[in-house]
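As a plain string of letters, each chain reads:
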Amino acid sequence: MFRKMTKSPDINTISKETLEQLLQVMEQICQGEFEARVKAVTKREGLERQLCLKLNEMIDRMDAYLRESTASLRFMASNRYYRRVAEQGMLGSFKQAVDEINHAADNIETTMGHFTDMVGDITSAATQLNMNSRGMSEVVEKARNLSANAADGAGVAGDNTDSVAAAANQLN
């Protein structure tokens, strides 16, 4: 006739099963498995639910930071500097780290732009030197031909001088 009164769970208690699940997820995170999440979150409001949700939120933030920063660094390693770490949802130290990575990416992009400009300038100068060298080779070839012609002409003039001298000797 009288039912035994069962005590309703206290909103400030955490079940042993939930604690074990939390520890298991934390261990996975410590091993670098950021896909781990607390899956069996109670629907009952209270400390247990808040703890599970906050742990999942913390993992979500770390996972987002890791994925974003890794993607940005992967692009930079391939000399593509347009991919920055998304700042949305990054708070505190995560935001500071994102700002530092994005600032470094900006500086690298600027520096690489300067290098690209310098390579263009060097390439242009090398092309100009090559063209000048070809022009000088043509001038040298023309000078050689002119010298050869002058030498031939001097030889002919020398022969003519000898002939004139011989003729002058005969007239004497």
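Our subject is the structure listed above.
Since we're looking at a predicted model, the values are computed, not measured. (Residues numbered from 1 in each chain as written. Predicted model: local features only at pLDDT ≥ 70, side-chain atom pairs only at ≥ 80, totals over all residues. Heavy atoms only, no water.)

(A) Structural detail: the overall build of the chain. A tally of regular secondary structure across the chain gives 3 helices and 0 strands. The order of helices and strands in the chain, counted from the N terminus, is α-α-α. Taking 2.2 N^0.38 as the reference for a compact globule, 172 residues should give roughly 16 Å; the C-alpha atoms of the chain span a radius of gyration of 44 Å, well beyond that estimate. Taken along its principal axes, the extent of the C-alpha atoms in the chain is 170 × 25 × 20 Å. Residue burial in the chain is summarised as follows: out of 172 residues, 16% are buried. Long-range pairs, those at least 24 residues apart, make up 52% of the contacts in the chain with a sequence separation of at least 6. If you sum the accessible surface of the chain, you get close to 13300 Å²; carbon and sulfur atoms cover 59% of it. Of the side chains in the chain, 20 bear a positive and 24 a negative charge, and the two mean positions are spaced by 17 Å. (Helix = DSSP H or I, 4+ residues; strand = E, 2+ residues; numbered from the N terminus. Rg over C-alpha atoms; globule rule 2.2 N^0.38 Å. Buried < 20%, exposed > 50% of the residue type's maximum accessible area, 1.4 Å probe, protein only. Contact = heavy atoms within 4.5 Å. Areas by Shrake-Rupley, 256 points an atom, 1.4 Å probe, with all protein chains shown as cover. Lys, Arg positive; Asp, Glu negative; His and termini not counted. Charge placed at Lys NZ, Arg CZ, Asp CG, Glu CD.)

(B) Seen up close, the pattern of salt bridges. Across all of its chains, the model carries 15 salt bridges by this definition. Close ionic contact of Arg 44 with Glu 48 constitutes a salt bridge, the shortest N to O distance being 3.9 Å. The partly exposed category is assigned to Arg 44, whose relative accessible area is 30%. For Glu 48, a relative accessible area of 7% gives the class buried. Here the salt bridges share partners, and the residues they tie into one network are Glu 35, Arg 37, Asp 60, Asp 63 and Arg 67. (Salt bridge = Lys/Arg side-chain N within 4 Å of Asp/Glu carboxyl O.)

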